Amino acid sequence: MSLKNLIAGWARPGRVKWIGLRPDRRAKLQAVESAMISGDGLEGDRSRAGKRAVSLIQQEHLAAIGSYLGQGPVAPETLRRNLLVSGINLAALKGREVQVGEAILRITVICAPCSRMEEALGKGGYSAVRGHGGWCAEVVQSGRVRLGDAVQPVD
């Protein structure tokens, strides 16, 4: 197989495990069962339009972050991302269009941690999240996302 074909491959769809909305800058995240994704991001979220409209993180990384801090998996709301997904490698989808529920997103840039991670996770929190903080995405097609929805590349 060519490298191009290997990079385009994926084993199975992932799943949406958690959805969080940030109504204001420092407000507590609200976990919801579904949300509408439009060009500006998730409705009811203090999201940004463009390449950072929606933030996603892998459930598998919550345990890694926690282990760097000497604890169990961190809670998704602590990291302040919109969508928690499992079962698919988001890093392998950079630059690709991905169907998330009824919406189509394009994975754009890494979602770097902010200085609040020290406040939220304690000493070393910022460094623990580096490389595991998830990805940002722009909205290609609006649609609803629900808990349990599939996450898969658009072929």
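Residues numbered from 1 in each chain as written. Predicted model: local features only at pLDDT ≥ 70, side-chain atom pairs only at ≥ 80, totals over all residues. Heavy atoms only, no water.

> Is there a simple way to explain the environment of Ile 88 in this structure?
Relative to the assigned elements, Ile 88 resides in the loop between strand E6 (83-86) and strand E7 (97-100). Look at Ile 88 and you get buried, because its relative accessible area is 7%. Separated by 47 residues in the primary sequence, Ile 88 and Gly 41 have C-alpha atoms spaced 21 Å apart. Contact partners of Ile 88, with chain neighbours within four places excluded, come to Trp 10, Arg 12, Gly 14, Gln 58, Leu 93, Val 151, Gln 152 and Pro 153. (Helix = DSSP H or I, 4+ residues; strand = E, 2+ residues; numbered from the N terminus. Buried < 20%, exposed > 50% of the residue type's maximum accessible area, 1.4 Å probe, protein only. Contact = heavy atoms within 4.5 Å.)

> For this particular structure, what's the right way to read the pairing of strand E1 (residues 14-21)?
Across a regular strand the side chains alternate sides, sitting on one face of the sheet and then on the other. Across the eight residues of E1, six count as buried, placing the element largely inside the fold. Pairing analysis gives two bridges linking E1 to strand E11 (residues 150-153), with the strands arranged antiparallel. Residue Gly 14 lies in a different strand from E11, and its bridge partner there is Val 151. (Pairing = 2+ DSSP bridges.)

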